[in-house]
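# Secondary and tertiary structure notes
So you can see what is in the structure, the chains are spelled out below.
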Amino acid sequence: MYGLGILSGMVVTLKNFFRKPFTVSYPEQRLPQHPRFRGEEFTWYEERCTGCASCAKFCPLGIIRIVTHPGGTTPAEGDSYAIDVFDIDIARCMFCGLCVEACPYDALFMGSGFEEAKYRRRDLVISVERLRAAEKRPSTWYRPQLEGQAYDPRRDGSLPWQKAGREPWPYHLPQRPQAEGEKTTGEGTP
Amino acid sequence: MTTGLGLSAAPPGERYKRLLPGAMSMRSEPVTVNVGPQHPSTHGVFRLRVTFDGEIILDVEPIFGYLHRGSEKLAEERTYTQVITLTDRLDYVASMTNNQAYVLAAEKLAGLRPPERAMYLRVIAAELQRIASHLMATGFLLNDLGAFATPLMYCFREREKILDLFEMLCGARITLSYMRVGGVFQDAPEDFWPALRKFLKEMPGYIDEYEALLVENEILVTRTRGVSVLTVDHALNASVTGPMLRASGFPWDLRVVDPYEVYDRVRFDVPVGKAGDNYDRFKIRLDEMRQSLRIVEQCVEQIEPGPVRAESPALLRPPAGDAYARIEGPKGELGFYLVSDGSIAPYRFKLRAPSFINLTVLRDLVIGWKLADMIVTLGSIDINMGEVDR
């Protein structure tokens, strides 16, 4: 009979009429966000960073700008560079996360925010002062040990560097600092 | 052919004469109209210069290139890992399959073999992406038909769930960059598997819903059946691939014909259409979604723990040579041709974009039909301008 197809379609529409809505009213309600979400507000641990600029070399767009000078530390103390400029231009960033993957010392992490609207483009450049001052809420993307701790950047607070690295200490430092909650077993090697 | 005045088999000129018997004697002047480049039903910045006689299409000239970003040239100065981020932006509703085709080509070039678990993860991700892409194609086809937003929103509801799964997997929803040369970047998190099983359980019910809503709908059937028929010979001559070729009745699916990754270990059917009209092109996508679900189900059963990434240097330097890898993308045969000169960046990067090649038959399909049919035909081809213009 002509019209049956439309009728059966109407039944589907009617069924959806009584379903719970799938949408949420955004600013008040939010969908749960997965901790792996690669977002803005990069998290950077200065204690772990040596200024090697691996992140800048691996960035496909070349939007990370690093200027360093010799840090004054001896090779025995780690011999890292002191950071003068660490600009991340997130206006051009595509959040691929290759910089995080490239970092050999676990110093750079993706953030978890997504509401970084600004009036001026220059405000979208994350400077080194902002990176230093920002709360450390690293995304667990590419950091499975954070997932092992069931860390959620949206729920849990700022995370110290002792907890965030793949390795419990930055392994360019010859003197090993004690990691948090670590048992001393007497073994000096990782 | 039930509708369409039985004209579809005739060549375009004949079709036009029979459609309007007095047309050639009547004094009328053809009018040229631009559809696009900014038009809600052209699926991106795509311009069609159409010559009309009244409402009948006499000629169509597609003009594209508005979204050209030079991806192929850009890839020549990026490392093999950095190119993955460019492939995300080719067919941006199906990033996962772009990643897959590219890494397969790069692995062939470098002689790497990914671990088993990585191959299963890739196939699961690619099939989920195929469902998402087909949902998008179905929704927008119905939007073009005039069913404004209702089927589209139903389709987007399920696509949203797939994007949520992708967010769990790799932290992004559209520009995924999940796969790496030699595997995937990271294993799936623990809570991914229950969420995937829940999706696999729910999704067939939703596909039933789309079928109840759409497949027998008289308006849709009248508007699409017999319209813009693509014959098998024509499709093969124009090297059309993907759901469009299968809708014409030719069972060609690279997952069966030339199995890559783990497709030779799963069982699935290749849905084939009969007439090759707009209706078949719409219906075949619904059928393919069910088959994709079957593939994902079998992969979830077969997957075993293990490493997900082969040992490879951070800066890959494949030996000099060339490689071509192809996969069955959601829109057709997606192939990448890479030439290496032994350095860290590809010497040449060439992409066989399925929607670009499928688009070439548009002119022959729509001549003699009306403007509204042209919009639907364009929707049924399922083009993506990110890939056409690249």
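Now for a quick tour of the structure. (Residues numbered from 1 in each chain as written. Chains lettered and ligands numbered in written order. Predicted model: local features only at pLDDT ≥ 70, side-chain atom pairs only at ≥ 80, totals over all residues. Heavy atoms only, no water.)

Helix and strand counts for chain A come out as six helices and five strands. Going through the 190 residues of chain A one by one, you find that 42% of them count as buried. A sequence separation of at least 24 residues applies to 68% of the contacts in chain A between residues at least 6 apart. Accessible area of chain A: about 11,000 Å², with a carbon and sulfur share of 56%. (Helix = DSSP H or I, 4+ residues; strand = E, 2+ residues; numbered from the N terminus. Buried < 20%, exposed > 50% of the residue type's maximum accessible area, 1.4 Å probe, protein only. Contact = heavy atoms within 4.5 Å. Areas by Shrake-Rupley, 256 points an atom, 1.4 Å probe, with all protein chains shown as cover.)

Another aspect to go through is the overall build of chain B. Secondary structure summary: chain B contains 16 helices and eight strands in total. In summary, chain B has a C-alpha radius of gyration of 22 Å against a globular reference of 21 Å for 390 residues, a match within 12%. Principal-axis analysis of the C-alpha atoms gives chain B an extent of 75 × 45 × 35 Å. Out of the 390 residues in chain B, the part that is buried amounts to 61%. Of the side chains in chain B, 45 bear a positive and 51 a negative charge, and the two mean positions are spaced by 2 Å. (Rg over C-alpha atoms; globule rule 2.2 N^0.38 Å. Lys, Arg positive; Asp, Glu negative; His and termini not counted. Charge placed at Lys NZ, Arg CZ, Asp CG, Glu CD.)

Let's shift gears to the nonpolar core. By size, the foremost hydrophobic cluster in this structure holds 111 residues, and its most contacted members are F42(A), F86(A), Y102(B), Y178(B), L196(B) and M203(B). At 14 residues, helix α5 (residues 116-145) of chain B tops the list of elements feeding residues into this core. Setting aside residues no more than four positions away along its own chain, L196(B) makes contact with I124(B), L128(B), L165(B), V296(B) and V300(B). In terms of nonpolar packing, the next biggest core, distinct from the first, is built from 25 residues, V60(B), L230(B), A238(B) and I375(B) among them. (Core = buried A, V, L, I, M, F, W, Y, C linked by side-chain atoms within 4.5 Å.)

This part is about the pattern of salt bridges. If you walk through the whole model with that rule in mind, you get 42 salt bridges over all chains. A salt bridge links R326(B) to E333(B), with the shortest nitrogen-to-oxygen separation between them at 3.8 Å. Its relative accessible area of 27% is what places R326(B) among the partly exposed residues. Connected through shared salt-bridge partners, R19(A), R157(B), E158(B), K161(B), K198(B), E202(B) and E209(B) make up one network. (Salt bridge = Lys/Arg side-chain N within 4 Å of Asp/Glu carboxyl O.)

Before going further, it helps to examine a nonpolar patch on the surface. Taken together, the side chains of L14(A), F17(A) and F18(A) make up a nonpolar region of the molecular surface, amounting to roughly 420 Å² of accessible area. Turning to its location among the elements, F17(A) is positioned in helix α1 (residues 4-17). (Patch = residues over 30% accessible without salt bridge, like charges linked within 9 Å, V, L, I, M, F, W, Y side chains within 5 Å.)

One pass over the full model with this rule turns up 16 aromatic pairs over all chains. Within the aromatic cluster, the residues linked to one another by ring pairs are Y26(A), F37(A) and F114(A). Cation over ring: R159(B) sits above F156(B), and NZ or CZ is 5.2 Å from the ring centre. Positioned above the aromatic ring of F356(B), the side-chain terminus of R390(B) is 5.5 Å from the ring centre. (Phe/Tyr/Trp six-rings, centres within 6.5 Å; stacked < 30°, edge-to-face > 60°. Lys NZ or Arg CZ within 6 Å of the ring centre and 35° of its normal.)

Positionally, H134(B) belongs in helix α5. Those residues within four positions of H134(B) in sequence are excluded, and the remaining contacts are P243(B), R285(B), E288(B), M289(B) and P330(B).

Right, let's talk about the packing of helix α6 (residues 150-170) of chain B against helix α7 (residues 192-215) of chain B for a bit. Residues and elements named next belong to chain B. Where α6 contacts α7, the two axes come as close as 11 Å, and the packing angle between them is 165°. Considered as vectors, α6 and α7 are oriented roughly antiparallel to each other. Relative to α7, α6 is oriented so that their crossing is left-handed. Contacts between α6 and α7 involve P151, Y154, C155, R157, E158, K161, I162, L165, M168 and L169 on the former and, on the latter, F192, A195, L196, F199, E202, M203, Y206, E209, Y210, L213 and L214. In terms of residue class, the contact of α6 with α7 is made up of 16 nonpolar, no polar and five charged. (Axes fitted to C-alpha atoms, helices over the stretch in contact; angles between N-to-C directions. Parallel < 35°, antiparallel > 145°, perpendicular 65-115°, else oblique. Left-handed = near helix turned anticlockwise from the far one by under 90°. Nonpolar A, V, L, I, M, F, W, Y, C, P; charged D, E, K, R; others polar.)

To continue, consider the environment of P32(A). Turning to its location among the elements, P32(A) is positioned in the loop between α1 and β1 (39-44). The sequence separation of P32(A) and R154(A) amounts to 122 residues, and the corresponding C-alpha distance is 9.1 Å.

Residues and elements named next belong to chain B. Strand order in the open sheet formed by three strands is β6-β7-β8, and the pairing between neighbours is antiparallel. The open sheet has two free edges, formed respectively by β6 (321-328) and β8 (348-352), since each of these has just one partner strand. For this sheet, the mean inter-axis angle between neighbouring strands, taken without regard to orientation, is 10°. Strand direction decides the pairing type here: β6 and strand β7 (residues 333-340), joined by eight bridges, are antiparallel. Its bridge partner lying in β7, E328 is registered against E333. (Pairing = 2+ DSSP bridges.)

Across the contact, 35 residues belong to chain B and 33 residues belong to chain A. Approximately 2,800 Å² of surface area, both sides summed, lies buried where chain B meets chain A, with 52% of it carried by carbon and sulfur atoms. The partner of E209(B) in a salt bridge is R19(A), and the shortest N-O contact between them spans 2.7 Å. At the boundary of chain B with chain A, the tally comes to 19 residue pairs in polar contact (both at pLDDT 80 or more). When contributions to the side of chain B that touches chain A are tallied by element, the ones reaching two or more residues are α6, α7 and α8 (218-224) of chain B. In terms of residue count, α6(B) provides more of the side of chain B that touches chain A than any other element does, seven residues in total. Its residues placed into classes, the side of chain B that touches chain A shows 14 nonpolar, nine polar and twelve charged. (Buried area = accessible area lost by both parts, 1.4 Å probe. Polar contact = N/O pair within 3.5 Å; in protein donor to acceptor, adjacent residues only side chain to side chain.)

On to the pairing of β7(B), then. Residues and elements named next belong to chain B. Of all eight residues making up β7, seven are buried, and the element is well covered by its neighbours. If you look at the hairpin formed by β6 and β7, you'll find four residues sitting between the two strands, and G332 has a positive phi there, around 145°. With five bridges joining them, β7 and β8 adopt antiparallel strand pairing. Of the residues in β8, the one forming a bridge with Y337 is K350.

Residue and element names in this part refer to chain B. Spatial ordering of the open sheet is given by β1-β2-β3, a layout of three strands whose pairing is antiparallel. Of all the strands in the sheet, the pair left with one neighbour each is β1 (31-35) and β3 (56-63). When the angles between neighbouring strand axes are averaged without regard to direction, this sheet yields 25°. Here β1 runs beside strand β2 (residues 47-53); their pairing, made up of five bridges, is antiparallel. The partner of N34 across the bridge, within β2, is R49.

Because each turn of an α-helix spans 3.6 residues, side chains separated by three or four positions in sequence point in the same direction. All names here are of chain B. With 21 residues, α6 extends 30 Å between its outermost C-alpha atoms, agreeing within 8% with the 30 Å of an ideal straight helix rising 1.5 Å per residue. Counting buried residues along α6, 16 of its 21 residues qualify, which places the element largely inside the surrounding structure. G171, located one to two residues past α6, shows a positive phi value of around 85°. (Expected span 1.5 Å × (residues − 1).)

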